[in-house]
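Structural overview
So you can see what is in the structure, the chains are spelled out below.
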There are 2 protein chains.
Amino acid sequence: MASHSPARSMVRTFIRNYSAPVDSSIPANKLKYVPTSGTYPKGFRVSGTHVGVKASNTSKPDLAFVTSDTPASAAAVFTTNKFQAAPVQVSKAVLQSRGGANLRSIIINSGCANAVTGKGGMEDAQAMSDTATAQFQQSSQPEDDNLGSTSLVMSTGVIGQRLPIKKILTGIPTAYQNLDNDHNAWLTTAKAICTTDTFPKLLSTTFTLPSTSHRGTQYTLAGMTKGAGMIHPNMATLLGILCTDAPISPGAAQSLLTDAVNKSFNSISIDGDTSTNDTVALLANGAASPSPDAPAVPDDPSDQDYAAMASVLTSFAQRLSQLVVRDGEGATKFVQVTVRRAPSHADAKAIASTIARSPLVKTALYGKDANWGRILCAIGYTPGISPDAVVPGKTNVSFVPAETSKSKDEGVLDLLVNGEPEAVDEDRAARLLEDEDLEIVVDLGTGDQEAKYWFCDFSHEYVTINGDYRT
Amino acid sequence: MASHSPARSMVRTFIRNYSAPVDSSIPANKLKYVPTSGTYPKGFRVSGTHVGVKASNTSKPDLAFVTSDTPASAAAVFTTNKFQAAPVQVSKAVLQSRGGANLRSIIINSGCANAVTGKGGMEDAQAMSDTATAQFQQSSQPEDDNLGSTSLVMSTGVIGQRLPIKKILTGIPTAYQNLDNDHNAWLTTAKAICTTDTFPKLLSTTFTLPSTSHRGTQYTLAGMTKGAGMIHPNMATLLGILCTDAPISPGAAQSLLTDAVNKSFNSISIDGDTSTNDTVALLANGAASPSPDAPAVPDDPSDQDYAAMASVLTSFAQRLSQLVVRDGEGATKFVQVTVRRAPSHADAKAIASTIARSPLVKTALYGKDANWGRILCAIGYTPGISPDAVVPGKTNVSFVPAETSKSKDEGVLDLLVNGEPEAVDEDRAARLLEDEDLEIVVDLGTGDQEAKYWFCDFSHEYVTINGDYRT
């Protein structure tokens, strides 16, 4: 180990902060992903407040509060990890108790995951939810409906440590007072949920719904997320919060969100690890409805508003989740892998996921090495796919330059055609791999289904960050 | 990327050679794993010869030849990767054609995997096998039996490049002339199969069989293997060659080897990648039999000789495969994970494997961080286990000091007891993690089955080695 010290101490200078990034610390190449303005949904107010969950954090916001002025439909997708953190269990119970209706807020802390904290941890999560709920009861807002908490709760950070719960509970009234609806409030809130993220992840967009009742009404969708390690489907230490002022029925909110997450947050990988805390939630308050009579989007995939909403939400969730990959711990590359002509979507996604998780593929990309053998290898050991999905003699692998690539005009670079290696122009490959963005296309030639997946490389900095996380 | 250059160039000084290690290059802490003497099985002669598969290799042995003076039973376990390298396909055909009987040799090159090389690659692999076979036909050895090749073939190295086949075919007669049966010959042969290995992996042992016909006869088992990346069950760029002078029937050789490999070479992980070339083969020539009439070990698990042979072979294969983990690319830790009180062996092995593959667990171990939350997390997201295998309130996780640990007298360090975190003595944890060797015990409390698994950590050096491999 001693012999590693010089290298490690050099790498250490690249270590991130483990709380909200300040503007001056955002890497120059990431600044373009931080919006300087936005259009935010009506009837939502948000805040990011410093409470000092980690004693070492003396100034940065670490308590986020996302609220709706009126009761909102709510839905969430939770981690599938068997060890579900206390906030996950509490949020599930709150959603279930309310049938996804009449939620008011989401209270989130960074710095401590409140996971594997036993009975005490459950009490802490419930106290966060109850204290957030109480803010609305003490105000002039609509009365409590006796269904208990109206607030979901999320936590992210180190596992196995108890929350400094007094600090958090004392901070919630301050967080309530800090609520606002301008760009600065949304950006500060997005910062407050960060852990090892190097930049806050915030997006907003406007859209319309096609049915007569909604035609001509502009709706807004805003969302924030955080990474940046332990990211893999189903899911990771990943939080996502989506808010819209469109009216959506509770059932539709859940099915729309589940589908969007499967094609976005569950189609990205940083390191293949899946955490105890992951939650993506959607609040829809209908505050931009043209009239109180305008019908909420129904839970019916054949409905035209449902279909439009599904398209908007999926595309938005994809853009949001891609920001997590952009900020993957230690990442220097952003890679889209497309697996096409597979017998089923499940086969295509399994193969894409296996490529995205392969440490050998990821280190080759970091080393800017067009080592397609490792990609092929990963295709070949994908577990659980149908027997006829991969036929060596039908397999094609190509690199496609990104839209932003300097070598875009040179077009697609075929590496393997029908199972036979091409004589690869290594100079061209090297130029392609100089780009931050790259697309890998795998054409299986055994069906007509496709899946996309987004991932990053494995670098020295990933090892440094994750070898040092707790210290 | 520019900002990484200083760190990378420092780390670069730790890069390995990509061909056989010379004695002077073996790291001091690995020298203890290289035997200085051995007892080798009767009737086997081996050699390691330089042919220069890689043009940059001007002197180190890269062609290994393992031969039996008389026809031997043979068995092999091959990679499950869909893209099976040419030598894997040829070896399978040779074994099948002969029904596992009357094999004479294994010819192995390092430096090029002859994988994904199309029809030409198949011809090259067949030519290697045929040329090896021809050596015996040209000598005074027993005549050809008209069943075709008597030689298995293995290759390891970069994927997708053709072999310099003329160099190899020209080198095989030299390799035949170099055959010998002393320790130096075995060690040189073990070196010739290495790629990124920092030390040759060679073991030998003696044993007896309990039945009357064999009692009092000393048999010998010798084996060599190579790693060191792309190691994960079913399997990896991993070659293993086992030779014994005990008589074993072809059927018994295959079932004994399959079982031993499942508990050894298929229970280790370096990085979770599974290669196109992996092969572990066993040759048994019966040369130490007390008489030509002594019965071969039969393919019958209830037979006492079979049971004794199974125990010897499994334990030997475990020791041999552990050497691969000791030499995991960039590894600084050797970790045994034991998952016990599981509902089934499959559940226990799946959980152990998931822990062994988690980049977050592996980087925490590199950072000497007792971050049991990441272990728990990996337990919790293990795919495909029975629904009742993991019950958070019954889960226990401990660190156990290795036999060689300075803190061995301090005993077991409990991290999680029945799902509740212990107040961990971080100083004790730090002392435990100073050791190269560590055991992690996961007690699920949901059954009575157990599995063991061996793995290493993820270090900066792993990234360096694999980011630079081809260049």
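Note that the structure is a prediction, hence the values are computed from the model and not measured. (Residues numbered from 1 in each chain as written. Chains lettered and ligands numbered in written order. Predicted model: local features only at pLDDT ≥ 70, side-chain atom pairs only at ≥ 80, totals over all residues. Heavy atoms only, no water.)

Turning our attention to the pattern of salt bridges. All names here are of chain A. This model, assessed by the stated rule, comprises 28 salt bridges over all chains. Its salt-bridge partner being D69, residue R45 comes within 3.1 Å of it at the nearest N-O pair. With R45 in strand β1 (residues 44-49) and D69 in strand β2 (residues 63-78), the pair connects residues that are 24 residues apart, well separated along the chain. Classification of D69 by relative accessible area gives partly exposed; the value is 26%. Close ionic contact of D443 with R340 constitutes a salt bridge, the shortest N to O distance being 3.9 Å. Highlighted residues: D443 in strand β14 (residues 437-443) and R340 in strand β10 (residues 334-342), separated in sequence by 103 residues. Assessed through its relative accessible area of 12%, D443 is described here as buried. Ionic contacts of the salt-bridge type, sharing partners, join the residues D197, K201 and D327 into one network. (Salt bridge = Lys/Arg side-chain N within 4 Å of Asp/Glu carboxyl O. Helix = DSSP H or I, 4+ residues; strand = E, 2+ residues; numbered from the N terminus. Buried < 20%, exposed > 50% of the residue type's maximum accessible area, 1.4 Å probe, protein only.)

Right, let's talk about the sheet that holds strand β11 (residues 396-401) of chain A for a bit. Residue and element names in this part refer to chain A. On the basis of which strands lie adjacent, the open sheet formed by seven strands has the order β8-β15-β10-β14-β11-β12-β13 and mixed pairing. The open sheet has two edge strands with one neighbour each: β8 (268-269) and β13 (420-421). In this sheet, strand β15 (residues 449-456) lies alongside β8 in parallel orientation, the contact comprising two bridges. Across the sheet, I268 pairs through a bridge with W454, a residue of β15. In this fold helix α9 (residues 359-366) packs onto β8, β10, β14 and β15, with an angle of close to 60 degrees to the strand it touches most, β15. On the sheet, helix α11 (residues 426-434) packs against β11, β12 (413-417) and β14 and is oriented at approximately 55 degrees with respect to β11. (Pairing = 2+ DSSP bridges. Contact = heavy atoms within 4.5 Å. Axes fitted to C-alpha atoms, helices over the stretch in contact; angles between N-to-C directions.)

All names here are of chain A. Scored by pLDDT, chain A has a mean of 87; 89% of the residues are at 70 or more. Segment residues 1-17 is flagged for pLDDT under 50; beyond a separation of four residues in sequence, or across chains, it makes 47 contacts in the model. With a pTM of 0.79, the predicted complex shows an ipTM of 0.71. (pLDDT = per-residue confidence, 0-100.)

Turning next to the pairing of β2(A). All names here are of chain A. For β2, a buried count of 13 out of 16 residues is recorded, marking the element as mostly surrounded by other parts of the structure. As paired elements, β1 and β2 share six bridges and run antiparallel to each other. Bridge pairing in β2 places V46 opposite V66. Sheet topology note: the β2/strand β3 (residues 103-112) ladder contains six bridges and is antiparallel. Bridge assignment links A72 to a residue of β3, and that residue is L103. By the bridge criterion, six bridges tie β2 to strand β9 (residues 279-284) in an arrangement that is antiparallel. Bridge pairing in β9 places S73 opposite A284.

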